[in-house]
Amino acid sequence: MTDWYVYIASNSANTLYTGMTDNLPDRVRQHKERTYTNAFTARYTFNRLVYFESWPSKRDAARREKQIKAWTRAKRMALIESINPEWRDLTVAYHEALRAE
């Protein structure tokens, strides 16, 4: 079974983007490399993974993504800061967690 991920990416202005994917490393790489040049995420350079969580199904992840997107910015920031108070790029931490599994 494939895990699905809900994630929040940010940029130097701390603008937030919430998304979901079944391949977090590839999706983060696409954001960092601005693969889809006309996309919102490329225009605003979302190049920092600041939050992620895994879900057992696409349905669960989609429900959670929708929930987070409906929140106020302050509530999304509090979620990020609950695990990442310095807003570090969690890409390296994610790759290390995968290697440990």
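About the cut-offs
- Residues numbered from 1 in each chain as written.
- Predicted model: local features only at pLDDT ≥ 70, side-chain atom pairs only at ≥ 80, totals over all residues.
- Heavy atoms only, no water.
- Phe/Tyr/Trp six-rings, centres within 6.5 Å; stacked < 30°, edge-to-face > 60°.
- Helix = DSSP H or I, 4+ residues; strand = E, 2+ residues; numbered from the N terminus.
- Buried < 20%, exposed > 50% of the residue type's maximum accessible area, 1.4 Å probe, protein only.
- 1 Å grid on protein atoms, 1.4 Å probe; cavity = no way out; pocket = protein on both sides within 12 Å on 5 of 7 lines; lining within 4 Å.
- Points joined across faces, edges and corners; volume = space filled by probe spheres on them.
- Expected span 1.5 Å × (residues − 1).
- Arc of directions from axis to C-beta.
- Contact = heavy atoms within 4.5 Å.

Some thoughts on the packing of aromatic side chains
Okay, step 1: Across all of its chains, the model carries 1 aromatic pair by this definition.
Okay, step 2: On the basis of an interplanar angle of 50° and a centroid distance of 6.2 Å, the ring pair of Tyr7 and Tyr17 is categorised as tilted. Of this pair, Tyr7 sits in strand E1 (residues 4-10) while Tyr17 sits in strand E2 (residues 16-21), and the two are 10 residues apart along the sequence.
Okay, step 3: You can call Tyr7 buried: its relative accessible area is 1%.

Some remarks on empty space enclosed by the protein
Okay, step 1: The tally for this structure, following the rule as stated, stands at 1 cavity of 30 Å³ or more.
Okay, step 2: Put simply, the largest cavity is a space of about 30 Å³.
Okay, step 3: Around the largest cavity, the lining residues are Tyr7, Ala9, Val28, His31, Lys32, Phe46, Asn47, Arg48 and Leu49.
Okay, step 4: Breaking the lining of the largest cavity down by element, the ones donating at least two residues are E1, helix H1 (24-33) and strand E3 (48-55).
Okay, step 5: The biggest single contributor to the lining of the largest cavity is H1, with 3 residues.

Quick notes on helix H3 (residues 58-70)
Helical periodicity: at 3.6 residues per turn, an α-helix aligns residues three or four positions apart in one direction.
Okay, step 1: End to end, H3 covers 18 Å across 13 residues, agreeing with the expected 18 Å (1.5 Å per residue, within 8%).
Okay, step 2: Of the positions making up H3, those classed as buried are Ala61, Arg64, Glu65 and Ile68. Angular distribution of buried residues about the axis of H3 spans 105°; they occupy a single face of the element. For H3, exposure combined with an orientation more than 90 degrees from the buried face picks out Arg59, Arg63, Lys66 and Ala70.
Okay, step 3: Looking at the buried side of H3, the elements it contacts are E1, E2, E3 and helix H4 (73-83).

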